[in-house]
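Descriptive structure summary
Residue strings, one per chain:
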Amino acid sequence: MFGPSRGRPTQQLRISEKYASVGKIGEGTYGLVYKARHVQSSPGSAVGDPSSRAESFVAVKRFKSFKSGDGISPTAIREIKLLRELKNRYIVDLVDVMLDEADKALYLVFDYAEHDLLEMIRWHHNRASQPMQMPTVKSLLWQILHGMNYLHKNWIIHRDLKPSNILVTGQDKPPNERGCVKIADFGLARLFQAPLRPLTDVDAVVVTIWYRAPELLLGAKHYTKAIDLWAIGCIFAELITSKPLFQGQEKERKGDDRNPFQADQIDKIFRILGKPTLEQWPGAADLPNWTHAQSWQAYPCVLHERIRGLPKNSAGYDLLSKLLEYDPNKRITAENALRHPFFQEEPRPQRVAFIDPNVDPYKSRPVTPLDPKKDIGWAMSATASGSNGQTPMTRSIPQSAAPSLTSAPPPSKRAKKVAS
Ligand SMILES: Nc1ncnc2c1ncn2[C@@H]1O[C@H](COP(=O)(O)OP(=O)(O)OP(=O)(O)O)[C@@H](O)[C@H]1O
């Protein structure tokens, strides 16, 4: 199922001995993200083939501190190890996993990608006369579908696909690896629901609902692969028009109601795709929020008016309609989408999405200097200008540690156990 394990006994290196922070690149639901470079490579480190990465950048995600009593569950650690086994050209490579006992944080280290679709779409949005060209749109979509097909074949549902989670490599890579999609953040939503609670609970960070499938909005309890295909449909449309297709206003979560009915989002979808009928989507009647939706007006489908770059009788429009199919049982799968005639006709999709790999118009990812109030732990102790190696208890989680994690130690010992 997974690619061959690159695991080998790990020489226990401190994170500051391996990576030096260049600065901060973002903040997501689960924590802060830093750009860093490898500071050393030594035989036996957990990175795999360190020599080949000597000059490459990485993105280090620092996850919210875990409470000393809770630790990180053995299940979460096992799942992270599985994520490390996933290898595909179109998904971001998780190169290292480290626990820092000093600042009680978990660090996931990923291959660095210079761009993401959010920034690329914004670039075109600000230049109305320069929409993204169709060969680039098609190549990006084809690569996203390839990455998603690989994840789905490995029984991983992304659950949170959106433009900022679709990374694209830039000029720091060799020409045949530029403009290459790297799907990020897969597997994390499920992994960190417990015991690490997302920061949304604490900091009220808004989680976008624009890419959420209608069955989830109407109250379906189970995630299926089809929800990722819906999100891909929304992203396909956004690549063409440079603006989100369904921009609903999110209703705030209050108290125990963590999943309120997002009426405005459903309304935005119905107004563009038309209100679904039970002939079209028989299962809708069983969804808890369908009763609310019934009172809505029967809008007609106006999708073709919104996506003027795709004529109604084109293969591209047909594929978009199949991705935005209401009934999740009828929605096209990633595998079938890759076989769609849209990808057989000229221009053919490419493994490198930039039309000329030497021309990358998009800005480099902004890197902000560290802030001593927010950037605690490894990032402050190890900067690219000079690592002082002051994080004494950081350890890689070796691939080979899996068997020792299958029986859960007492809660107070868990953090130590997984790190040793
Ligand atoms: N491997 C990477 N290389 C370069 N930048 C990255 C990498 N991974 C994440 N980023 C960037 O870091 C920023 C924060 O990412 P993160 O995934 O934590 O949050 P998000 O996707 O913006 O939101 P959320 O976590 O709420 O879904 C984003 O701009 C993202 O594009």
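Everything that follows concerns the structure shown earlier in this document.
A brief report on the enclosed structure follows. (Residues numbered from 1 in each chain as written. Predicted model: local features only at pLDDT ≥ 70, side-chain atom pairs only at ≥ 80, totals over all residues. Heavy atoms only, no water.)

1. What about the overall build of the protein?
A count of helices and strands for the protein gives 16 helices and eleven strands. Residues counted as buried form 55% of the 420 residues belonging to the protein. Considering only contacts within the protein whose residues lie at least 6 apart along the sequence, 76% involve residues at least 24 apart. (Helix = DSSP H or I, 4+ residues; strand = E, 2+ residues; numbered from the N terminus. Buried < 20%, exposed > 50% of the residue type's maximum accessible area, 1.4 Å probe, protein only. Contact = heavy atoms within 4.5 Å.)

2. Digging into the site of the ligand
Around the ligand lies a shell of 21 residues, among which T29, D111, D116, K162 and N165 are the nearest. Between the ligand and K61, the relevant distance is 3.0 Å, taken from an oxygen atom to a side-chain nitrogen or oxygen of the residue. Within the side chain of D160, one N or O atom sits 3.2 Å away from an oxygen atom of the ligand. When the free accessible area of the ligand is taken as 610 Å², the share hidden by the protein chains comes to 90%. Those elements that place two or more of their residues in the shell around the ligand are β1 (19-27), β3 (57-63) and β5 (105-111). With three residues, the single largest contributor to the shell around the ligand is β1. By residue class, the composition of the shell around the ligand is eight nonpolar, five polar and eight charged. (Near = heavy atom within 4 Å. Polar contact = N/O pair within 3.5 Å; in protein donor to acceptor, adjacent residues only side chain to side chain. Areas by Shrake-Rupley, 256 points an atom, 1.4 Å probe, with all protein chains shown as cover. Nonpolar A, V, L, I, M, F, W, Y, C, P; charged D, E, K, R; others polar.)

3. Observations regarding the packing of aromatic side chains
Taken as a whole, this structure holds twelve aromatic pairs when the rule is applied. Taking 6.1 Å as the distance between ring centres and 80° as the angle between the ring planes, the aromatic pair formed by F270 and Y326 counts as edge-to-face. Here F270, found in helix α9 (residues 263-273), pairs with Y326, found in the loop between α12 (315-323) and α13 (334-338); they are 56 residues apart in sequence, far enough to count as distant. Take F270: its relative accessible area is 0%, and that puts it in the buried class. Residue class for Y326 comes out buried when judged on its relative accessible area of 2%. Here the aromatic rings of F342 and F343 are separated by 5.3 Å at their centres, their planes lie at 55°, and the arrangement is tilted. (Phe/Tyr/Trp six-rings, centres within 6.5 Å; stacked < 30°, edge-to-face > 60°.)

4. Notes on the packing of helix α4 (residues 134-153) against helix α8 (residues 226-241)
Put simply, α4 and α8 touch, their axes get as near as 10 Å, and they point 165° apart. In this view, α4 runs roughly antiparallel relative to α8, as classed from their interaxial angle. The two elements α4 and α8 cross, and the hand of that crossing is right-handed. Across the interface between the two elements, M134, V137, L140, L141, I144, L145, M148 and H152 of α4 pack against D228, L229, I232, I235, F236, L239 and I240 of α8. Residues that form the contact of α4 with α8 fall into these classes: 13 nonpolar, one polar and one charged. (Axes fitted to C-alpha atoms, helices over the stretch in contact; angles between N-to-C directions. Parallel < 35°, antiparallel > 145°, perpendicular 65-115°, else oblique. Left-handed = near helix turned anticlockwise from the far one by under 90°.)

5. Some details on the pattern of salt bridges
Counting across every chain of the model gives 13 salt bridges. Within the structure, one salt-bridge network assembled from shared partners comprises K153, E335 and R339. (Salt bridge = Lys/Arg side-chain N within 4 Å of Asp/Glu carboxyl O.)

6. Comments concerning the side chain of H340
Mapping H340 onto the fold places it in the loop between α13 and α14 (378-381). According to the relative accessible area criterion, H340 is buried, its value standing at 6%. Ignoring sequence-local partners within four residues, the contact set of H340 consists of A315, D318, L319 and K322.

7. Re the sheet that holds strand β8 (residues 181-183)
Read from one edge to the other, the open sheet built from three strands follows the order β6-β7-β8, with strand pairing classed as antiparallel. Pairing within the sheet leaves two strands with one partner each, and these edge strands are β6 (115-116) and β8. Here strand β7 (residues 166-168) runs beside β8; their pairing, made up of three bridges, is antiparallel. Of the residues in β8, the one forming a bridge with L167 is K182. (Pairing = 2+ DSSP bridges.)

8. Quick notes on the environment of Q350
With respect to the secondary-structure elements, Q350 resides in the loop between α13 and α14. Assessed through its relative accessible area of 42%, Q350 is described here as partly exposed. In the structure, Q350 is positioned 211 residues away from S139 in sequence and 5.1 Å away in space, judged by C-alpha atoms.

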